[in-house]
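# Summary of the model geometry
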Amino acid sequence: MLSAPVLTTNTHRTAEMAPTATANFDRIKELKQFDDSKTGVKGLLESGVTTLPRIFVHPPEILSDLKPGKRHVTIPVVDLSGSYSDDQHAAVVEDVRRAASEFGFFQVVNHGIPDETVDGIIGAIKSFNEQPPEYRSQYYRRAVGSGVSYLSNVDLYRSKAASWRDTLLAALSPNPPKREEWPEVCADAVPAWDREVERLGGLLLDLLGEGLGLPAGRLSETCLDGRTLVGHYYPYCPEPDQTLGISAHPDPGALTVLVQDQVGGLQVKHNGEWIDIEPVPGALVINIGDLLQIMSNDAYKSAEHRVFANSTKEPRISIAIFINPSDHESMFGPQPELISPEKPAQYREFKYPEFMDKFF
Ligand code: OGA
Ligand code: NI
């Protein structure tokens, strides 16, 4: 189990070398050099780097907030085994509704996805990232939207500081990559994983919709068909107190289904405080995205979350599938059933691409 890195002063660097994110150095040039290596942060380690290059150093106000989560608070673990049983269904709906309203994050167990499929996707992402650098670099590209992209930091040129992780990214639906576009180690595992996540995502959207009192199928029919996969690899970080694995953010889409290995390091903000999301064997992490918060007219919460840089020798692997609408023409907004004189619409309507543009 990873806990927050112990904060130490950076005694091995002199004051004028202090690599703050605001320091006056040719940041763009160093970002480009890193990007052009096409082998991610794993490649830095492979080339013998033992200290953190300064493009990865986060600003002091972020670093001083890197603390272990508030103790004794954990996100709910919801048992889905009763979701298809007449006498337990209502209780499952209530568990899901409460978790989505209070935390915006929960774990699910008895979700029906076989262990082999979970192990298969984690193994595939790990294995791709552990191929030789010359192999990985063939897949490295910053363009996303179609096909398969291997890259480090989707927001490399936009963020204040880079984070210590590499990612394999692909839009899975409605137009999935062709089989031959995938690295061989992922070609079976990813579609198998997506089939399960599509089924589970549909079930969760139905339970979440029922919890809001929406007509059956409303959310699963409108929000399920634009899925994107990110398979993250968080290698050992030599200076985990100076950077993050992924910086604090909400997810923009409707719903995220995340599988993580047992290394840990994921946190969610709840009532202004960070809490740890401890890996639960066999469980998946589910979170509400901004779009579902909006469609629910603020009944459900899209919560900020982050991942510490990995201080353990064992790499951390996590795979998220972002569940989004594929319809880019219709209007999205608070559902009419959830608007009333007591609870007026908290958001205006928008088309999904306009919303994503604003987010990024
Ligand atoms: C993400 C994300 C968390 C993790 O990809 O948006 O929050 O544990 N990932 O990798
Ligand atoms: Ni996220």
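Calculation rules
Residues numbered from 1 in each chain as written. Chains lettered and ligands numbered in written order. Predicted model: local features only at pLDDT ≥ 70, side-chain atom pairs only at ≥ 80, totals over all residues. Heavy atoms only, no water. Near = heavy atom within 4 Å. Polar contact = N/O pair within 3.5 Å; in protein donor to acceptor, adjacent residues only side chain to side chain. Areas by Shrake-Rupley, 256 points an atom, 1.4 Å probe, with all protein chains shown as cover. Helix = DSSP H or I, 4+ residues; strand = E, 2+ residues; numbered from the N terminus. Nonpolar A, V, L, I, M, F, W, Y, C, P; charged D, E, K, R; others polar. Buried < 20%, exposed > 50% of the residue type's maximum accessible area, 1.4 Å probe, protein only. Pairing = 2+ DSSP bridges. Salt bridge = Lys/Arg side-chain N within 4 Å of Asp/Glu carboxyl O. Core = buried A, V, L, I, M, F, W, Y, C linked by side-chain atoms within 4.5 Å. Contact = heavy atoms within 4.5 Å.

## Observations concerning the site of ligand 1
Around ligand 1, the structure places 13 residues, and the nearest of them are His232, Tyr234, His305, Arg316 and Ser318. Between an oxygen atom of ligand 1 and a side-chain N or O atom of His232, the distance comes to 2.7 Å. Contact with the protein chains hides 96% of the accessible area of ligand 1, taken as 290 Å² for the molecule alone. Every element with two or more residues in the shell around ligand 1 is listed here: strand E5 (228-234), strand E6 (244-249), strand E11 (305-308) and strand E12 (316-323). The class makeup of the residues in the shell around ligand 1 is 7 nonpolar, 4 polar and 2 charged.

## So, the pairing of E12
Among the 8 residues of E12, 7 are classified as buried, and the element is accordingly described as predominantly covered. Note: E5 against E12, 7 bridges, orientation antiparallel. Considered in E12, the bridge of Tyr234 is made with Arg316. Bridge analysis of strand E7 (residues 255-260) against E12 gives 6 bridges, and the strand direction is antiparallel. From the neighbouring strand, Val257 faces E12, where its bridge partner is Ile321.

## Section: the pattern of salt bridges
The final tally for this structure, using the stated rule, is 19 salt bridges. We note a salt bridge from Lys32 to Asp36, for which the minimum N-O separation is 3.0 Å. Here the residue Lys32 and the residue Asp36 both occupy positions in helix H1 (residues 27-37), the gap between them amounting to 4 residues, near one helical turn. Relative accessible area serves as the criterion here: at 42%, Lys32 is assigned to the partly exposed category. Beyond isolated ion pairs, a larger network of salt bridges with shared partners links Lys42, Glu46 and Arg136.

## Regarding the pairing of E5
Buried residues dominate E5, accounting for 6 of its 7 residues. Where strand E4 (residues 166-171) and E5 come together, 6 bridges link them in antiparallel fashion. Looking at E5, one finds that Thr167 is bridged to His232.

## What to know about the nonpolar core
One finds Trp193 and Leu255 to be the most contacted residues of the largest nonpolar core, which totals 82 residues. The greatest single-element share of this core, amounting to 11 residues, is contributed by helix H7 (residues 189-212). Not counting the four nearest positions on each side in its chain, Leu255 is found in contact with Gly201, Leu204, Leu205, Leu208, Ile286, Asn287, Ile288, Gly289, Leu292, Ile321, Phe322 and Ile323. In terms of nonpolar packing, the next biggest core, distinct from the first, is built from 14 residues, Phe25, Val41, Leu52 and Val57 among them.

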